[in-house]
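As a plain string of letters, each chain reads:
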Amino acid sequence: MALFDVSGYKNHLELRGNILGTGVRHFNFGTTNQEFAVPAGMDPSGFLKSCSREGQGGVSIDLNHGTTTLAFKFRHGVIVAVDSRASAGSYIASKEANKVIEINPYLLGTMSGSAADCQYWERLLAKECRLYKLRNKKRISVSAASKLLCNMMLGYRGMGLSMGSMIIGWDDKGPGLYYVDDNGTRLSGRMFSTGCGNSYAYGVVDSGYHEDMTVEEAYELGRRGITHATHRDAYSGGVVNLYHMQEDGWIKVCKEDVSELIHRYKKGMF
Amino acid sequence: MNQEDTSMLFGERTRDTANSGYLWRNSGSPLHLSIPAAEYLSESPIQFGQINPNIASNIIPTLHQDSVFSFPPGFPPSLSPTVALPFTMSHGTTTLAFIFQGGLIAAADTRSSCNGLVACPASQKIIPVHSHLVGTTSGTSADCALWKRILSRELRLYQLRHGRMLSTAGAAKLLAHMLHPFKGTEVCVAATLCGWDGGQVDTHLLQPSSAGMGQEKNIAIISQTESQETFLSPAISAEHCSAGAGLGFSGPSLYYVCSDGTRLRGKLFSVGSGSPYAYSVLDGGVRWDLTVEEATSLAREAVYRATHRDAYSGNCVDVYHITSNGWTRRDREDLKEEYYREKEREKEKMKERKERQEGKDGPSSSGNK
């Protein structure tokens, strides 16, 4: 347009091409906006390694998956339970962080690892799920949603992302539970637990799980798993956020403080 | 006998490499330890069997005056070139112990692993120290076995000198102090000492009572100890009685001792790579008023869950029960069978539940609640 020429306005794509040049690693996710272009030669994960405790002098920024989240499938859907402690090293940044992202009424995502990474990428996933529904007039399946997230992670593999998340939903194939990792791991399973408190949760859920539990029993098991993990793990704590994924969507069951729950479960010896 | 050998204090390093292979000779106190000449300790990180070749030539072996031993060629080890470690060692196990009204339960798996190789699927990780004290072991198997034997020896010597058995607290302190000179080296011992203080005194250290846990077992121990007490010399037994009266505490006690110097007293411990899995199961189930059967099945369940999830624990489970009469050992059980038995039990329970559901609902289809 003549006005463009006169004012010197340039289309943003043109501008980008001028600034970034051609030797750039692009993350092409099929969308024409919002990408992180990393200059050639930069090594984010190497930089992060130098900042951690093993690196040189004094600086210690450790990205631990400091949390406990668990999810398991049973006959009446999927139970999701997470703690709520956000820690920055040994400082508790928040005791009521929200580690479950409600992507839409039939999809949930849990977060463990770097809070910033999880929140950003899962919100991006929510956006993509919505776009899918608008384009294809049907809901996205849990398998496809987890694959989208997994491909996002693979696009930035080796660059220092830290995210361990579970995608939970109910689609045509029934209840779905997938574990997605910053390495690009994507696993479907019956039960997962992530975070540094995961081993404590595994012990409890393994010993109490059976396929035909009632709904109340399943709620108790999810609560107990998180409670015992928060009792022993320093980086987990706060409240238990418990969700139940049913056929017609998820419901939030409860939000209970672990310091009260532990007294119920430890049977008063210690 | 070097009575004036006060320079050879606990923890002090000496240049006397001739003593390097024989650490506890002619000791006036049980804690007499001599450390081999150790320039390389400060110069380079400890690596198994590897020494700085420059230092080796400087070490002159000076034989101790009282030594009448002729060392074989290649001894002391610091003089000879040694081979590098063929594989890296790593420590994986699940052991646990807790106190309840019926005494103490100690349980452990039986897998010895070497970084991915199962070196021994039937090792023994709970070692009896004496009739009323067992120790669970975690860390390097060799170190644990050696230090347990040293501890038994020192406890026996204490008993002979003082006429009474050292308490669990004392044994824990002794072990911690004996391990202290090796802090910073690659000795890795993480043990929980489970003992009953003030129990019946026996002159025999180890009572191999591995028959099971029936009532007749306990009676057998009692009769054995009674017969042995008659062999005690009058002086010792009198001393024992007065010392026994002076003992403040009697009952079960549980200590965790680690080669980095930690020594903790508690009511519930689990050690090893599988310990997080065991902890959560135990936290939910351990109470003071468990019966013996409930406590043993809880301990078995905790080890089973840990072996199910942890790669470095597995194979079988050992359970020991310590009471005022001493320790008794349950027969070793293979956890692979337990896994299949559990699956069978689950199937049975599901069938029962389904039948009950169908009985209640009658002809209606779904059993959803």
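Residues numbered from 1 in each chain as written. Chains lettered and ligands numbered in written order. Predicted model: local features only at pLDDT ≥ 70, side-chain atom pairs only at ≥ 80, totals over all residues. Heavy atoms only, no water.

Per an unreviewed UniProt entry, the recorded name for chain B is Proteasome endopeptidase complex, and the organism is Umbra pygmaea. As stated in UniProt under Subcellular location (unreviewed entry), the record for chain B gives "Nucleus". (UniProt positions renumbered as here; feature names shortened; annotations may be inferred.)

As annotated in an unreviewed UniProt entry, chain A carries the name Proteasome subunit beta and comes from Umbra pygmaea. Of chain A, the UniProt comment under Catalytic activity (unreviewed entry) reads exactly: "Cleavage of peptide bonds with very broad specificity." Under the heading Subunit (unreviewed entry), UniProt records this for chain A: "Component of the proteasome complex."

**Student:** Teacher, can you tell me more about the overall build of chain A here?
**Tutor:** Per the secondary structure count, chain A includes eight helices and 12 strands. When burial is assessed residue by residue, chain A has 49% of its 270 residues classed as buried. In chain A, of all internal contacts separated by at least 6 residues, the share reaching a separation of at least 24 is 60%. Here chain A has roughly 13,400 Å² of accessible surface; of this, 52% comes from carbon and sulfur atoms. (Helix = DSSP H or I, 4+ residues; strand = E, 2+ residues; numbered from the N terminus. Buried < 20%, exposed > 50% of the residue type's maximum accessible area, 1.4 Å probe, protein only. Contact = heavy atoms within 4.5 Å. Areas by Shrake-Rupley, 256 points an atom, 1.4 Å probe, with all protein chains shown as cover.)

**Student:** Just checking my understanding: could you explain the pattern of salt bridges for this structure?
**Tutor:** A side chain with one charge can pair with a side chain of the opposite charge if their charged atoms come near. Under the counting rule described, the total for this entry stands at 25 salt bridges over all chains. Between Lys-99 of chain A and Asp-83 of chain A there is a salt bridge; the shortest N-O distance is 3.1 Å. Remark: Asp-83 of chain A occurs in the loop between strand 2 (77-82) and strand 3 (86-88) and Lys-99 of chain A occurs in the loop between strand 4 (91-94) and strand 5 (100-104); sequence separation between them is 16 residues. On the accessibility criterion, Asp-83 of chain A (0% relative accessible area) is buried. The residue Glu-96 of chain A makes a salt bridge to Lys-255 of chain A at a minimum N-O spacing of 3.3 Å. Of this pair, Glu-96 of chain A sits in the loop between strand 4 and strand 5 while Lys-255 of chain A sits in strand 12 (residues 249-257), and the two are 159 residues apart along the sequence. The network of salt bridges with common partners includes Arg-300, Arg-330, Glu-333, Glu-338, Arg-341 and Arg-345 of chain B. (Salt bridge = Lys/Arg side-chain N within 4 Å of Asp/Glu carboxyl O.)

**Student:** Explain the UniProt feature "active site" (unreviewed entry) in chain A here, please?
**Tutor:** Residue and element names in this part refer to chain A. As recorded in UniProt, the feature "active site" (unreviewed entry) lies at Thr-67. Within the element layout of this structure, Thr-67 appears in the loop between helix 3 (44-51) and strand 1 (69-74). Beyond its immediate sequence surroundings of up to four residues, Thr-67 is in contact with Asp-83, Lys-99, Met-111, Ser-112, Thr-194, Gly-195, Cys-196, Gly-197, Asp-233, Tyr-235 and Ser-236.

**Student:** Sorry if this is basic, but what is going on with the packing of helix 4 (residues 115-136) of chain A against helix 5 (residues 142-155) of chain A here?
**Tutor:** In a packed pair of helices, the relevant descriptors are the angle between the two axes and the axis-to-axis distance. All names here are of chain A. Where helix 4 meets helix 5, the closest approach of the two axes is 10 Å, and the angle between their N-to-C directions is 135°. Between helix 4 and helix 5, the angle falls in the class oblique. In this structure, helix 4 meets helix 5 at a crossing whose hand is right-handed. On helix 5, the residues that touch Trp-121, Leu-124, Leu-125, Glu-128 and Cys-129 of helix 4 are Ala-145, Leu-148, Leu-149, Met-152 and Met-153. Taken together, the residues that form the contact of helix 4 with helix 5 break down as nine nonpolar, no polar and one charged. (Axes fitted to C-alpha atoms, helices over the stretch in contact; angles between N-to-C directions. Parallel < 35°, antiparallel > 145°, perpendicular 65-115°, else oblique. Left-handed = near helix turned anticlockwise from the far one by under 90°. Nonpolar A, V, L, I, M, F, W, Y, C, P; charged D, E, K, R; others polar.)

**Student:** Is there a simple way to think about the environment of Phe-100 of chain B in this case?
**Tutor:** Residue and element names in this part refer to chain B. When you line up the elements, Phe-100 lands in strand 1 (residues 95-100). We classify Phe-100 as buried; its relative accessible area is 1%. With 167 residues separating them in the primary sequence, Phe-100 and Lys-267 have C-alpha atoms 8.2 Å apart. Setting aside anything within four residues of it in sequence, one finds Phe-100 in contact with Ile-105, Arg-287, Trp-288, Leu-290, Thr-291, Val-292, Ala-295 and His-321.

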